[in-house]
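# Summary of the model geometry
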Amino acid sequence: MLYNRSAVAALRRIHAWFPVPRPRRAHTCLTSSATCRPLRRPAPALAATCPPRPREFSLSACRWRNTDDDDDDDDEDGEDDVIDDSEVEELFQLRAAAGGLGAAHRVFVVHPDVKWGSQKQHLTTAELMMAEAVGLVNTLDGWSVVDKVVMSTKTPEKKLIFGKGNFQTLTDRIRRTAGITAVFVNVERLSALSEREFEEAWGVKVFDRYSVVLHIFRCNARTKEAKLQISLAEIPLLRSRLKNEMADLDQQGGGSRYIGGSGETLTEVQQRLLRERELKIRSALEKLRRKRRLLRSQRRDKELPAVSVLGYTNCGKTTLIKALTGDAGLRPRNQLFATLDVTVHAAQLSHMTVLYVDTIGFLSQLPHQLIDSFSATLEDIKHSDVLVHVRDVSHPETANQKANVLRVLENMRIPDRLLSSMIEVHNKTDLVDNSLC
């Protein structure tokens, strides 16, 4: 049997992250219903690092279903085949402690200031981008910023991002800073190789913008769909971490060896388990997407117009919807990504019932994989009757925030009729310095 102790330890970590999918348990049938439905069990509590928040009202397909709908609609719904709550929670919690994100951290924030080239930011400044990075860290309970630095670079595409001299200066400063447990490099994504090099040089965990934002999403996720989308978005991070794990094993001579009598190497095992997890999540999301289509169809049948309220994170979308609907269940919070799950709220407008859709906030430098993972949720925007773009005009980066929102909408291929008729609402005007107007 060709294996060593390090190889076995790595395999156990891999199996802990990607357990082989269990056979589905048979659903219990409710005798009062013509269709077999799974009995829902309450999901386990979230990890201690993500404290529970008040759950927002979410409009489900069942709320709009008529009791006399024919069986064909039930077949299209496909609810019987949707992954059950316990399996969603299991997939969601698998990543909670992986990669060191679940723990509280004292963070050193590094912002690479690109001097020229395609990655140079023209609508903002390094100081404002650093302020946003600090805000992201402070959003997480138990995380705090110990120190921060803006470091110039001419080679952001290189493995170490910075030139040799600046990298050594940065390394010396990080090592001299007492009490830090992580470094946040404020870039969209770090390659697996860059992450590994940084962690070896600095001796602490290293996070990029993708991993920090995704952890904020995780702490704010409440619905099955949001948790599945987060689990899907985390797969690139898991691939990156597993590449580092396998590189370490290859150096020890264990990464390419066969496991027991299976005929599979460690690399093949981790790739297979990762594919199985991804396919399972995508399949469940597709079924939930079909439920959303059914819900939209029922809205059209009832002639209920939908108004999607969108904008940069923490611009005041939920506050506006609460003012329009008077919904006491809405609790606006002054924090980034307070709203993650799309929620729908009804109100009367000129003797007509209107549905206001509260959407996830946008952010600059979000990788396309993250947006793609939330496509099922963002799809509601495409099928709205009207778009309302809320802007925080008191923010020093309000112009850049608007540009980022419009860029994401264009990448989502929102119909021109919606973009051309989009209503822009200026929020927080009382905080604007009148001398600057």
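Placed above this text is the structure.
Residues numbered from 1 in each chain as written. Predicted model: local features only at pLDDT ≥ 70, side-chain atom pairs only at ≥ 80, totals over all residues. Heavy atoms only, no water.

### Concerning the overall build of the protein chain
Tallying secondary structure elements over the protein chain gives 15 helices and 9 strands in all. Out of the 437 residues in the protein chain, the part that is buried amounts to 49%. Just so you have it, the protein chain exposes about 21300 Å², and 52% of that area is on carbon and sulfur atoms. (Helix = DSSP H or I, 4+ residues; strand = E, 2+ residues; numbered from the N terminus. Buried < 20%, exposed > 50% of the residue type's maximum accessible area, 1.4 Å probe, protein only. Areas by Shrake-Rupley, 256 points an atom, 1.4 Å probe, with all protein chains shown as cover.)

### With respect to the sheet that holds strand S2 (residues 144–153)
One open sheet accounts for 4 strands, arranged S2-S1-S3-S4; its pairing is parallel. Strands with a single pairing partner mark the edges of an open sheet, and in this sheet they are S2 and strand S4 (205–207). Sheet twist, expressed as the mean angle between neighbouring strand axes with direction ignored, is 20°. Bridge analysis of strand S1 (residues 106–114) against S2 gives 9 bridges, and the strand direction is parallel. Across the sheet, residue valine 110 finds its bridge partner in S2, namely valine 149. (Pairing = 2+ DSSP bridges. Axes fitted to C-alpha atoms, helices over the stretch in contact; angles between N-to-C directions.)

### Observations concerning the sheet that holds strand S9 (residues 423–427)
Strand pairs in the sheet, formed through backbone hydrogen bonds, run parallel or antiparallel to each other. Reading across the sheet, the 5 strands line up as S6-S7-S5-S8-S9 and stay open at both edges, with mixed pairing between neighbours. One side of each edge strand has no neighbouring strand; the edge strands of this open sheet are strand S6 (343–348) and S9. Between one strand axis and the next, the sheet turns by 25° as a mean value, whatever way the strands run. Summarising the sheet, S6 and strand S7 (residues 353–358) pair through 6 bridges and their orientation is antiparallel. In the strand pairing of S7, alanine 347 is matched with valine 354. Contacts between helix H11 (residues 317–325) and the sheet are confined to strand S5 (306–311), S6, S7, strand S8 (386–392) and S9, with S7 contributing the most and set at about 165° to the helix. Helix H14 (residues 398–411) contacts S5, S8 and S9 of the sheet and is inclined by roughly 155° relative to S8. (Contact = heavy atoms within 4.5 Å.)

### Notes on the side chain of arginine 209
Topologically, arginine 209 is positioned in helix H7 (residues 209–220). Each residue touching arginine 209, except ones within four places of it in the same chain, is listed here: Glu132, Leu136, Phe184, Val185, Asn186, Val187, Glu188, Leu363, Ser364 and Gln365.

### Some details on the packing of aromatic side chains
Here the structure, examined in full by the defined rule, presents 4 aromatic pairs. An aromatic cluster is defined as three or more aromatic residues linked by ring pairs; in this entry it consists of Phe167, Phe198 and Trp202. The side chain of arginine 189 reaches across the aromatic face of tyrosine 210, ending 4.8 Å from its centre. (Phe/Tyr/Trp six-rings, centres within 6.5 Å; stacked < 30°, edge-to-face > 60°. Lys NZ or Arg CZ within 6 Å of the ring centre and 35° of its normal.)

### Regarding helix H5 (residues 164–176)
Taking 1.5 Å per residue as the helical rise, H5 with its 13 residues ought to reach 18 Å, and the 18 Å between its terminal C-alpha atoms agrees with that figure. Listed in full, the buried residues belonging to H5 are Phe167, Leu170, Thr171 and Ile174. Looking straight down H5, one finds its buried side chains confined to an arc of 100°; they lie on one side. (Expected span 1.5 Å × (residues − 1). Arc of directions from axis to C-beta.)

### Topic: the environment of valine 393
Its location among the elements puts valine 393 in the loop between S8 and H14. Given a relative accessible area of 19%, valine 393 falls into the buried group. Here the alpha-carbon distance between valine 393 and leucine 431, two residues 38 residues apart in the chain, equals 8.4 Å. Ignoring any residue separated from it by four or fewer positions in sequence, one finds valine 393 in contact with Thr398, His426, Asn427, Lys428, Thr429 and Val432.

### Here's the deal with the pairing of S8
Most of S8 sits inside the fold, with 6 of its 7 residues counted as buried. By the bridge criterion, 5 bridges tie S5 to S8 in an arrangement that is parallel. Bridged to valine 309 within S8 is valine 388. As judged from the 5 bridges shared by S8 and S9, these two strands associate in the parallel manner. Residue pairing across strands places valine 390 opposite valine 425, the latter belonging to S9.

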